[in-house]
Amino acid sequence: MLPALIPAFPFLGACLLMLCWKRVSRSAVTVIGCGSVGLSAIVALVVAATVAGAGKEPLVQHVCQWIQVPGFAAGIDFRMDALSVVFTLVITIVGFLIHVYATGYMHDDEDYGRFFACMNLFVGAMLVLVMADNLLLLYLGWEGVGLCSYLLIGFWYKDPANNYAARKAFLVTRVGDTAMAIALFLLFEYMGTLNIQQLLREAPLLWDKGDPMVTLIALLLLGGAVGKSAQLPLQTWLPDAMAGPTPVSALIHAATMVTAGVYLIARMHVVFELSPAAQTATAIIGAVTLLMAGVSALVQTDIKRVLAYSTISQIGYMFLALGCGAWSAAIFHFVTHAFFKALLFMGAGAVIVALHHEQDMFKMGGLKKMLPGVFWIFLIGCASLTAIPFVTAGFYSKDQIIWLSWAAVGGHKAYWLAGVLGALLTGIYTFRMFFLVFYGEAKTKVHHIPGAVMMVPLYILAVLSTIAGFIELPHTLGHVTLFSNWLAPVLPAVQMAQESVALEWASQLISAVLALGGIWLAYVWVLKRPQGMVDFLSMPGQVWLQGFWRRGWDIDALYDALIVRPFVYLSNINRKDLIDKIYTGAAQLTEACHNVMARTQSGILRWYIMGVVLGAVAILSVLIWRLHEVS
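Residues numbered from 1 in each chain as written. Predicted model: local features only at pLDDT ≥ 70, side-chain atom pairs only at ≥ 80, totals over all residues. Heavy atoms only, no water.

Student: How should the overall build of the protein be read in this particular structure?
Tutor: Secondary structure assignment for the protein yields 27 helices and two strands. Scaling as 2.2 N^0.38, a compact globule of 631 residues should have a C-alpha radius of gyration of about 25 Å, and the protein matches this with 28 Å. Principal-axis analysis of the C-alpha atoms gives the protein an extent of 115 × 65 × 50 Å. Per-residue burial for the protein yields a buried fraction of 54% across its 631 residues. Across the protein, the fraction of contacts at a sequence separation of at least 24, relative to all contacts at a separation of at least 6, is 81%. Of the roughly 27000 Å² of accessible surface on the protein, 69% is carried by carbon and sulfur atoms. Of the charged side chains in the protein, 36 are positive and 33 negative, and the gap between their average positions amounts to 9 Å. (Helix = DSSP H or I, 4+ residues; strand = E, 2+ residues; numbered from the N terminus. Rg over C-alpha atoms; globule rule 2.2 N^0.38 Å. Buried < 20%, exposed > 50% of the residue type's maximum accessible area, 1.4 Å probe, protein only. Contact = heavy atoms within 4.5 Å. Areas by Shrake-Rupley, 256 points an atom, 1.4 Å probe, with all protein chains shown as cover. Lys, Arg positive; Asp, Glu negative; His and termini not counted. Charge placed at Lys NZ, Arg CZ, Asp CG, Glu CD.)

Take a look at the structure:
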């Protein structure tokens, strides 16, 4: 029963909080909200040890039969193999740290209990997604995280902008979800099952490599992954999702939601391997997205939006690795990214709380002396995101992707070029943010110093953001393969097109120099010669370009012009068709009857008595007439 307990605890916590959060103390809410995820993390560690002790043999548990109809059956079945163990550990451990942090961040919120109910539900849904042994149960968790994202992004629902952001996230991701649902229908139509392991075994027997049907299915699955993981062209929802509380942003970006697409592609890797076109599309989408998002991050003024575009860019690296066939490299970057991105979002939250919820970086500055603890943990997070060589986890995971994007069989020099340019952009936008926030003249007074409940999770994540990379080292730096060996029973090893120590050294050197060069450029532009950059950005062409990038390359405006406005226009034309008239007529008839009946309620007692008497006379008259006819 151990696997089932992992999602059961967060779901139980969510149910308890939904039922009684208004009737229990904040301390009880904290214990239920954090304790349920903490218990889930403990069980996940026990299950991971069990799987490791069993020689990495998967642990499968059938909880109950969910659906049983002629020709189809689906159960509540959980499978804990090497891949799901990795995701489960990240979700529960990082999720627990975010929950603890949130007790400080949300302490004064009037809907404290509702917040933790939704957070528990979010974690539970994501756990179902990564532990499911069949695609239907996976899809249940998939839609569950979509629902929870809507609830949490729009948590502060009194602001209409937050409601808009929540609806946008829900609707945009539904596009990808629809594509994924069609893929599930096609898989069942052709293979007669949605059991993941059976699909992976039998797909190569049913389809040849490059078969049009398997390519269509893979592309539809990719559509689902693109929507959830905020990749081009469905990335527009994620920057606006920053409307939610900062712990929500940390959870969405680090441990849930946006990593779901990465998991789906990795889990269904056999289908993608049968479709070179789909794999190439995955790599291209990742490469283009990481560059576009990196450029947009360069010009943001809101600290959370910088991190949002950074997440889109870093998920782009994961998609690039998946498209090149570097499966374990993508998952490795998922792990390190979870640590340093949770650290950065929670560090940003500490800054925001300290400055009385100010998020504009140009209204910050000078926080190095006022918030020294936050300064150091934020520096560690920025260093890992930028992939500072040798001493950060981000270096080892990102460097592996950059090298394999060239050297793997599915790689290409263009992918490698996108990767190293992305390293340069990451260095610039990350340390532009860092220097604006912590150096220079203080522009906003510090109103609150974050307490231990917020800082301790940050210290733990700072350590993980530093040491987590040492479980997988490249050939040039010791060749440690603990992580890829762990995933070997589930994910195939990367096939190398070329193996050259000299070229790998060259790739590492170039990416490291560009990352450090990006830091230097940020230093020059922000601290050493800020006026020169201001003058440059004030030029007419630069003003337009800067706004274009800040708006996310105007993809929202493109969608509005091509889809939203035509749809609304046609809907307005069609609003008075025959079908609508039937429903409108029914509503009008009901309203008319209501108005007639309402007139009888005059409030005058004698009219009510007269009505009763007339009714009684009418009933008695009918009864007398019927008795007369019978006799």
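Student: Looking at this structure, how should I read the pattern of salt bridges?
Tutor: Charged atoms that come close allow side chains of opposite charge to pair. Tallying each qualifying case throughout the model produces twelve salt bridges. In this structure, the salt-bridge partner of Arg551 is Asp554, at a minimum N-O distance of 2.6 Å. Here Arg551 falls in the partly exposed class, since its relative accessible area comes to 45%. What you see here is one network of salt bridges that share partners, running through Glu143, Arg174, Asp177 and Lys228. (Salt bridge = Lys/Arg side-chain N within 4 Å of Asp/Glu carboxyl O.)

Student: I would appreciate a short explanation of empty space enclosed by the protein in the present structure.
Tutor: Rolled over the atoms, a probe as big as a water molecule pinpoints where empty space is left. Under the defined criterion, the tally for this structure stands at one cavity of 30 Å³ or more. There is about 50 Å³ of room inside the largest cavity. Looking at the largest cavity, the residues that line it are Thr386, Ala387, Phe395, Lys398, Asp399, Ile402, Ala423, Ser511, Ala512 and Ala515. Of all the secondary-structure elements, those providing two or more residues to the lining of the largest cavity are helix H18 (393-407) and helix H22 (501-528). If you tally residues by element for the lining of the largest cavity, the top one is H18, at four residues. (1 Å grid on protein atoms, 1.4 Å probe; cavity = no way out; pocket = protein on both sides within 12 Å on 5 of 7 lines; lining within 4 Å. Points joined across faces, edges and corners; volume = space filled by probe spheres on them.)

Student: Which parts of the structure should I look at to understand the environment of Ala493?
Tutor: Positionally, Ala493 belongs in the loop between helix H21 (482-487) and H22. For Ala493, a relative accessible area of 66% corresponds to the exposed category. Through-space distance from the C-alpha of Ala493 to that of Gly325 is 8.3 Å; in sequence the pair is 168 residues apart.

Student: Teacher, can you tell me more about the side chain of Ser275 here?
Tutor: In this fold, Ser275 is placed in the loop between helix H12 (269-273) and helix H13 (276-297). Sequence-distant contacts of Ser275, defined by excluding residues within four places in its chain, comprise Val214, Thr215 and Ala218.

Student: Got a minute to help me understand the confidence of the model for the protein in this structure?
Tutor: In low-pLDDT segments, the atomic positions of the prediction should not be examined closely. For the protein, the mean per-residue pLDDT works out to 89, and 98% of the residues sit at or above 70. Mean pLDDT across the elements of the protein bottoms out in helix H23 (residues 530-537) (67) and peaks in helix H8 (residues 212-228) (95). (pLDDT = per-residue confidence, 0-100.)

Student: Explain the pairing of strand S1 (residues 59-69) here, please?
Tutor: On any regular strand, side chains alternate: one points to one face of the sheet, the next to the other face. As judged from the nine bridges shared by S1 and strand S2 (residues 72-80), these two strands associate in the antiparallel manner. Bridging from a neighbouring strand, His62 pairs with Asp77 of S2. Linking two consecutive strands that pair antiparallel, namely S1 and S2, is a turn of two residues; a positive phi of about 90° is found at Gly71 within it. (Pairing = 2+ DSSP bridges.)

Student: Any chance you could explain the packing of aromatic side chains here in plain terms?
Tutor: The description of two aromatic rings rests on the distance between their centres and on the angle between their planes. This model, assessed by the stated rule, comprises 31 aromatic pairs. Between Phe375 and Phe434 the ring centres are 5.4 Å apart and the planes differ by 35°, which places this aromatic pair in the tilted class. Here the residue Phe375 occupies a position in helix H17 (residues 372-386), and Phe434 occupies one in helix H19 (residues 413-438), the gap between them amounting to 59 residues. For Phe434, a relative accessible area of 2% corresponds to the buried category. Plain terms: the ring middles of Phe435 and Tyr439 are 5.7 Å apart, the flat faces sit at 70° to each other, and that makes the pair edge-to-face. Judged by relative accessible area, Phe435 falls into the buried class, the value being 9%. Every member of this aromatic cluster is reached through a ring pair, and the members are Phe375, Trp376, Phe378, Phe431, Phe434, Phe435, Phe438, Tyr439 and Tyr523. For Arg174, the ring lying beneath its charged end belongs to Phe170, and the centroid distance is 4.2 Å. (Phe/Tyr/Trp six-rings, centres within 6.5 Å; stacked < 30°, edge-to-face > 60°. Lys NZ or Arg CZ within 6 Å of the ring centre and 35° of its normal.)

Student: Help me out: how do you make sense of the packing of helix H3 (residues 82-105) against helix H20 (residues 452-467) in this one?
Tutor: Between two packed helices, the angle of one axis relative to the other and the distance separating the axes together describe the packing. One can describe the packing of H3 onto H20 by two numbers: an axis separation of 7 Å at closest approach and a directional angle of 150°. It follows from the interaxial angle that H3 and H20 lie roughly antiparallel. Crossing hand, H3 versus H20: left-handed. Within the contact between the two elements, H3 uses Leu97, Val100, Tyr101, Thr103, Gly104 and Tyr105 and H20 uses Val453, Met454, Pro457, Ile460 and Leu461. Classifying every residue of the contact of H3 with H20 gives nine nonpolar, two polar and no charged. (Axes fitted to C-alpha atoms, helices over the stretch in contact; angles between N-to-C directions. Parallel < 35°, antiparallel > 145°, perpendicular 65-115°, else oblique. Left-handed = near helix turned anticlockwise from the far one by under 90°. Nonpolar A, V, L, I, M, F, W, Y, C, P; charged D, E, K, R; others polar.)

Student: Got a minute to help me understand the nonpolar core in this structure?
Tutor: General note: in soluble globular proteins, nonpolar side chains tend to be found buried as a group. Leu138, Leu187, Trp237, Met268, Ile331 and Phe378 are the most contacted members of the largest nonpolar core, which totals 212 residues. Ranked by residue count, the leading element in this core is helix H15 (residues 327-354), at 21 residues. With residues near it in sequence (within four places) discarded, Leu138 still touches Leu129, Ala132, Met180, Ile196, Tyr263 and Leu264. (Core = buried A, V, L, I, M, F, W, Y, C linked by side-chain atoms within 4.5 Å.)

Student: Whenever I open this one, the side chain of Ser397 confuses me. Can you help?
Tutor: Structurally, Ser397 is set in helix H18. Looking at Ser397, the relative accessible area reads 0%, which means it is buried.

Student: Help me understand helix H2 (residues 26-53), please; the structure alone is not making it clear to me.
Tutor: Three or four residues apart is the spacing at which side chains of an α-helix point the same way, because the helix has 3.6 residues per turn. Taking 1.5 Å of rise per residue, 28 residues should cover 40 Å, and H2 covers 40 Å from first to last C-alpha, within 8% of that figure. Maximal helix bending in H2 amounts to about 25°, located at Gly35. Gly55 sits one or two residues past H2 and shows a positive phi near 70°. (Expected span 1.5 Å × (residues − 1). Bend = angle between axes of the 7 residues up to and from the residue.)

Student: Help me understand the packing of helix H10 (residues 246-254) against helix H14 (residues 303-323), please; the structure alone is not making it clear to me.
Tutor: In contact at an axis separation of 11 Å, H10 and H14 are set at 10° when each is read in the N-to-C sense. Relative to H14, the element H10 is oriented roughly parallel. On H14, the residues that touch Thr246, Ser249 and His253 of H10 are Lys304, Leu307, Ala308 and Thr311. Considered class by class, the residues forming the contact of H10 with H14 number two nonpolar, four polar and one charged.

Student: Please clarify how unusual backbone geometry should be interpreted in this entry.
Tutor: It is generally the case that most residues other than glycine have a negative phi and that most peptide bonds are trans. For the bond from Leu232 to Pro233, the omega torsion is 10°, close enough to zero to count as cis. With respect to the secondary-structure elements, Pro233 resides in the loop between H8 and helix H9 (237-240). At His356, a position not held by glycine, the phi torsion is positive, near 60°. Positionally, His356 belongs in the loop between H15 and helix H16 (367-370). A relative accessible area of 58% means that His356 is categorised as exposed. A positive phi is found at Ala387, a non-glycine position, where the angle reads about 70°. Mapped onto the elements of the fold, Ala387 is located in the loop between H17 and H18. Residue Ala387 is classed as buried on the basis of its relative accessible area, which comes to 8%.

Student: Is there a simple way to explain a nonpolar patch on the surface in this structure?
Tutor: The grouping of Ile604, Leu605, Trp607, Tyr608, Ile609, Met610, Val613, Leu614 and Val617 at the surface amounts to a nonpolar patch, some 860 Å² of accessible area in total. Turning to its location among the elements, Trp607 is positioned in helix H27 (residues 605-630). (Patch = residues over 30% accessible without salt bridge, like charges linked within 9 Å, V, L, I, M, F, W, Y side chains within 5 Å.)

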